[in-house]
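Analysis of the macromolecular model
In case you want the letters, here they are:
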Amino acid sequence: VRTVLVIGIGTGDPEHVTVQAIGALRRVGVVFVVDKGEATDDLVRLRREICDRYAARPVRLVAIEDPPRDRAPADYGAAVADWHAARAAAWGRAIAEELGEDEVGAFLVWGDPSLYDSTIRVLDAVRTQGVVPFEHEVIPGVSSVQVLCARHRIPLNRVGEPVRITTGRLLAADPRIVEDVVVVLDGQQAFRAVDGDVRIWWGAYLGSPDEILIAGRIGDVTDEIVRRRAEARARKGWILDVYLLRPPEQT
Ligand SMILES: C[S@@+](CC[C@H](N)C(=O)[O-])C[C@H]1O[C@@H](n2cnc3c(N)ncnc32)[C@H](O)[C@@H]1O
């Protein structure tokens, strides 16, 4: 039976690829690459480097074109559901047509597949659609959140305290910080609306040679983050950044 591996590859440092992920890559004959039309050359190149470095034999790259997506829908939930169904149909076709009966294929997922990534959800939908039978396995990867904490040398949570993971869009809708919050996918720099006494640990291009780390009181470091972020984004043409917000300690 066809096997599909969902392999977490870390967030930019080839040394963050785990021994288990390397073992998985050695089994793979086909790597499916989802063409989002917006993928930067740098990120595509990194994936290719990981294949070249760790795969046992030359892998065949199969591009799956992403269906177009309504970026400003009236009904966000329905639009995402439609888009996932169209994606699942395209992925199902690719698995049926490009993967031999006993072949192993893979999706290489940035960071860890469980964190703000839809690969697992789309594959579940492919199975539900029932077009092609396949087994699948998920291999965890080092996530951007883990690299953020490691590079700042901090624990993610305070003793016995919870941590919420959210997006820039949701933080912008409600920027009050009453517990520790990790923010991903923040193109709008929602941290600018957060109370100045909140502490931030911010990181961009984590795990790559371009990594930038800034930490401090929001009131003290926001301008620096905005400036460094804009400079880096202009220079490279893209940016990935993530941060942890922690409310001021109660006295
Ligand atoms: C679609 S989510 C995918 C997260 C990924 N699965 C992970 O485990 O990190 C993309 C977001 O992750 C964060 N991210 C991913 N890679 C990063 C990196 N190298 N440096 C900083 N943030 C990163 C950014 O917040 C980015 O907007």
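What this report covers is the structure whose coordinates are included nearby.

Taken together, the neighbourhood of the ligand is formed by 16 residues, with Trp110, Asp112, Leu115, Ser144 and Asp241 sitting nearest. Between tryptophan 110 and the ligand, the recorded distance is 2.8 Å, taken from a side-chain N or O atom to a nitrogen atom. Here leucine 185 contributes a backbone N or O atom positioned 3.1 Å from an oxygen atom of the ligand. If the ligand stood free it would expose 570 Å²; the protein chains cover 90% of that surface. Split by residue class, the shell around the ligand holds nine nonpolar, five polar and two charged.

Once that is clear, we can look at the sheet that holds strand β5 (residues 134-139). Spatial ordering of the open sheet is given by β3-β2-β4-β1-β5, a layout of five strands whose pairing is parallel. Unpaired on one side and paired on the other, β3 (60-65) and β5 mark the two borders of the sheet. Across this sheet, the average inter-strand angle for adjacent strands is 25°, counted without regard to direction. Of the pairings in the sheet, the one linking strand β2 (residues 30-35) to β3 comprises six bridges and is parallel in character. Paired with valine 30 across the two strands is arginine 60, which belongs to β3. Taken strand by strand, helix α4 (residues 119-129) contacts β1 (2-8), β4 (104-109) and β5, and its axis lies near 165° from that of β5.

Attention now goes to the environment of arginine 153. Summarising the element assignment, arginine 153 is placed in the loop between α5 (144-152) and β6 (163-167). Arginine 153 sits in the exposed class, given a relative accessible area of 76%. Along the backbone, arginine 153 and arginine 47 are 106 residues apart, and their C-alpha atoms lie at a distance of 27 Å.

Let us now look at the sheet that holds strand β7 (residues 180-184). Spatially, β6-β7-β10-β8-β9 is the arrangement adopted by the five strands of the open sheet, whose pairing is mixed. On the outer flanks of this sheet lie β6 and β9 (212-217), each paired with one strand and no other. Neighbour-to-neighbour, the strand axes of the sheet open up by a mean angle of 15°, direction not taken into account. Relative to strand β10 (residues 241-246), β7 is paired through three bridges, and the arrangement is antiparallel. Its bridge partner lying in β10, valine 181 is registered against leucine 245. Where α5 meets the sheet, its contacts fall on β7, β8 (199-204), β9 and β10, and the angle it forms with β8 comes to roughly 110°. Seen against the sheet, helix α7 (residues 218-236) touches β8, β9 and β10 and runs at an angle of roughly 160° to β9.

Looking now at the packing of helix α3 (residues 76-98) against α4. It is the contact of α3 with α4, at a shortest axis distance of 8 Å, that shows an interaxial angle of 70°. By the angle class used here, α3 and α4 are roughly perpendicular. Along the contact surface, α3 presents His84, Ala85, Arg87, Ala88, Ala89, Trp91, Gly92 and Ile95, while α4 presents Thr119, Arg121, Val122, Leu123, Ala125, Val126 and Gln129. Among the residues making up the contact of α3 with α4, the classes are represented as nine nonpolar, four polar and two charged.

A few words now on helix α2 (residues 41-54). Its 14 residues give α2 an end-to-end C-alpha distance of 20 Å, which sits within 8% of 20 Å, the value for a rise of 1.5 Å per residue. Turning to α2, its buried residues are Leu43, Leu46, Ile50, Cys51 and Tyr54. Within α2, the buried residues cover an arc of 135° as seen down the axis, which keeps them to one side. Away from the buried face of α2 by more than 90 degrees, exposed residues Asp41 and Asp52 are located.

On to unusual backbone geometry. In this structure, arginine 153 takes a positive phi of about 60° despite not being glycine. At leucine 185, a position not held by glycine, the phi torsion is positive, near 50°. Within the element layout of this structure, leucine 185 appears in the loop between β7 and β8. By relative accessible area, leucine 185 is classed as exposed at 59%.

Conventions and cut-offs
Residues numbered from 1 in each chain as written. Predicted model: local features only at pLDDT ≥ 70, side-chain atom pairs only at ≥ 80, totals over all residues. Heavy atoms only, no water. Near = heavy atom within 4 Å. Polar contact = N/O pair within 3.5 Å; in protein donor to acceptor, adjacent residues only side chain to side chain. Areas by Shrake-Rupley, 256 points an atom, 1.4 Å probe, with all protein chains shown as cover. Nonpolar A, V, L, I, M, F, W, Y, C, P; charged D, E, K, R; others polar. Pairing = 2+ DSSP bridges. Helix = DSSP H or I, 4+ residues; strand = E, 2+ residues; numbered from the N terminus. Axes fitted to C-alpha atoms, helices over the stretch in contact; angles between N-to-C directions. Contact = heavy atoms within 4.5 Å. Buried < 20%, exposed > 50% of the residue type's maximum accessible area, 1.4 Å probe, protein only. Parallel < 35°, antiparallel > 145°, perpendicular 65-115°, else oblique. Expected span 1.5 Å × (residues − 1). Arc of directions from axis to C-beta.

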